[in-house]
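Observations on chain architecture
One letter stands for each residue in the lines below.
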Amino acid sequence: MSSDAPEFVFSAPRRNYSSWYQWVSRLGATTHEDPLPEGDLTSLPRWLEGRRRRLVELLGPMPTPVPLDTETLESVECDGYRRDKIVFDTEDTMSVPAYLLVPDGRVSEGAAVLACHGHGPGKSQAVGLEHTNAPNSDYALQLVHRGYVVLAPDLRCFGERLDWNPEDHYACDTNLVHAAMAGWNPLAQNIWDLTRCLDVLAEHPLVDASRIGMVGLSYGGTVTLFTAAYDDRVAAAVVSGYFSSWAESHKMPWNMCGSQVLHNMLGRLEHEDLGALIAPRPLLVETGTEDPLFPLAAATESVRRTRLVYEHDGVAERLEHDIFEGEHQWHGVAAMAFLDRWLAHGPASE
């Protein structure tokens, strides 16, 4: 998307008919009700505990665990790795299809990465089987070539998990309607699925469960940030094209989808709060200078505030901000060395 995307500016009408104007006007008055205590970092432990409780509250109920019952549907020998198509259960009425990529020559436990796709075809794009106009989106494929075991699942409403919809209906938003009526958050359901993906990787005989990273672009960045904040088994995270601020991102019409939001989250939980919950584990944020959806200025300020937590913990080097010339896309330049370092992984090739 071009940085020339129009800015939507409204003059105050005497009588308003626009729902969007009402949201924007209220958004302008939204403030963070419990911001990071920048002036008193000694209160960080209490603040972090409050943020953790708020995250759990906003996510709402989580499904009941069921056995994974993992099944391999097909195996394909590829250039330097094997691609298994697998499926496993996360609820009594829900299964997750995924690609499991295993590099040739792996004979013992090592590092692994959970790779989450953004909006588009789903897991097939992350592993390089489908391509769109989004550059460099096959990061699961890049990671297996670097020697990682990689799990790339379809998120709900994408890939093989996409139900038929009329052309004028967007699957994520339609799903949110059904979820809201039933008292669920689709984002929470996806995070649940991804915690079960961590279980799948942790049980794999070639994976060291203490060295599992997680990466994702855009919507994949959403679920990576949330899952890493929610589940400390994520040993290192790369959040691309997302980490900034909901309050700023919400100013762009049509930016958010039904799978990226939680009921009543504005002003109550921010990106920097989730970043703080990831600390002291390593976190790398990628931001394109021309990204209109998750703007650089908001990202820079949120990273600055999150860095205060890492500095307070004495691990400032574990938080990186890769700012690159580009738009809303995966960069991956600093990310690979970052993952190698913090997952104690020796790349198969440079």
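These notes cover the structure that comes with them. Starting from 1, residues in each chain are numbered consecutively following that chain's sequence as written. Residues qualify for local features only when their pLDDT is at least 70, as the model is predicted, and side-chain atom pairs are given and counted only at 80 or more; totals for whole chains, interfaces and linings, by contrast, use all residues. No hydrogens and no water enter the side-chain calculation; it runs on all heavy atoms of the structure.

The secondary structure listing takes helices from DSSP runs of H or I that are at least 4 residues long and strands from runs of E that are at least 2 residues long, numbered from the N terminus. Helix and strand content of the protein chain: eleven helices and nine strands. Taking the principal axes of the C-alpha coordinates as reference, the protein chain spans close to 70 × 50 × 40 Å. In the protein chain, which comprises 350 residues, the share counted as buried stands at 53%. Long-range contacts, defined here as pairs at least 24 residues apart, represent 73% of the contacts in the protein chain between residues at least 6 apart. The charged-residue count follows a simple rule in which Lys and Arg add positive charge and Asp and Glu add negative charge, with His and chain termini not counted at all. We put the charge of a Lys on NZ, of an Arg on CZ, of an Asp on CG and of a Glu on CD. Of the charged side chains in the protein chain, 27 are positive and 50 negative, and the gap between their average positions amounts to 7 Å. Here the term buried applies to any residue with accessible area under 20% of the maximum for its type, exposed to any over 50%, and partly exposed to those in between, with areas from a 1.4 Å probe on protein chains only. It only takes one pair of heavy atoms within 4.5 Å for two residues to be counted as in contact.

Here, a salt bridge means any Lys or Arg side-chain nitrogen found within 4 Å of an Asp or Glu carboxyl oxygen. A full pass over the atoms with the stated rule returns 23 salt bridges. Among the ionic pairs, E57 bridges to R54, the shortest N-O distance being 3.0 Å. With E57 and R54 both in helix α2 (residues 44-59), this residue pair falls three residues apart, about one helical turn. On the basis of relative accessibility, which here comes to 45%, the residue E57 falls in the partly exposed class. As a salt-bridge pair, E57 and R268 come within 2.8 Å of each other at their nearest N and O atoms. Of this pair, E57 sits in helix α2 while R268 sits in the loop between α8 (246-249) and α9 (271-278); the two residues are 211 residues apart in sequence, bridging distant segments of the chain. R268 gets classed as buried once you look at its relative accessible area, which sits at 13%. What emerges from the salt-bridge pattern is a single network uniting E38, E272, E301, R304 and R305.

Time to look at the pairing of strand β8 (residues 283-288). Of all six residues in β8, six are buried; the element is thus mostly enclosed. Residues L283, V285 and T287 point to one face of β8 and L284, E286 and G288 to the other, with burial holding for every one of them. In this description, strands pair whenever DSSP reports at least two bridges between them. Strand direction decides the pairing type here: strand β7 (residues 236-240) and β8, joined by four bridges, are parallel. Across the sheet, the residue bridging to S240 is E286, located in β8. Sheet topology note: the β8/strand β9 (residues 319-324) ladder contains six bridges and is parallel. Paired with T287 across the strands is I323, a residue of β9. Read from β8 through helix α10 (residues 296-312) to β9, the crossover connection turns out right-handed. Orient the strands so they point away from the viewer, and a crossover whose first-strand-to-second-strand path over the helix runs clockwise is right-handed.

Time to look at the environment of A348. Position of A348 among the secondary structure elements: in the segment after α11 (333-342). Separated by 245 residues in sequence, A348 and P103 place their C-alpha atoms 8.9 Å apart. Dropping the residues within four chain positions of it, A348 is found in contact with H145, R146 and G147.

When two rings of Phe, Tyr or Trp (its six-membered ring) have centres within 6.5 Å they constitute a pair, described as stacked for plane angles under 30 degrees, edge-to-face for angles over 60, and tilted for the intermediate range. Counted under the stated rule, the structure contains four aromatic pairs. With a centroid separation of 5.4 Å and an interplanar angle of 40°, the aromatic rings of F158 and Y219 are classed as tilted. On the criterion of sequence distance, the pair formed by F158 in the loop between β5 (149-153) and α5 (171-182) and Y219 in helix α7 (residues 219-230) is long-range, its members being 61 residues apart. Of the residues examined, Y219 reaches a relative accessible area of 0% and is grouped as buried. Their ring planes at 35° and their centres at 5.8 Å tell us that F226 and W246 sit as a pair that is tilted. In this pair, F226 is assigned in helix α7 and W246 in helix α8, connecting sequence segments 20 residues apart. Neither residue differs from the other here; F226 and W246 are each classed as buried. Over a ring means this: the NZ of a Lys or the CZ of an Arg is within 6 Å of the ring centre and within 35 degrees of the ring normal. Between the NZ or CZ atom of R83 and the centre of the ring of Y99, over which it lies, the distance is 5.7 Å.

With that settled, the discussion passes to the nonpolar core. Nonpolar cores were defined as sets of buried Ala, Val, Leu, Ile, Met, Phe, Trp, Tyr and Cys residues, with membership established by side-chain atoms within 4.5 Å. The biggest cluster of nonpolar side chains holds 68 residues, and the ones touching the most others in it are L114, L151, L201 and F226. Considering every element that reaches this core, the biggest residue donor is helix α6 (residues 186-203), with eight residues. With residues near it in sequence (within four places) discarded, L151 still touches I86, A98, Y99, L100, V113, L114, A115, C197, V200 and L201. Counting 28 residues, the second-largest nonpolar core is a separate cluster that includes A235, V238, L284 and A335.

Looking now at the sheet that holds strand β3 (residues 94-103). Across the sheet, which stays open at both edges, the nine strands sit in the order β1-β2-β3-β5-β4-β6-β7-β8-β9 with mixed pairing between neighbours. The strands lining the two open edges of the sheet, one partner per strand, are β1 (71-77) and β9. The sheet shows a mean angle of 20° between the axes of neighbouring strands, direction not considered. Geometry is summarised by axes, namely lines fitted to C-alpha atoms with helices restricted to the contacting stretch, and by angles between N-to-C directions that run from 0 to 180 degrees. Strand contacts of α11: β6 (207-217), β7, β8 and β9, with the helix running at about 170° to β7, the strand carrying the most contacts.

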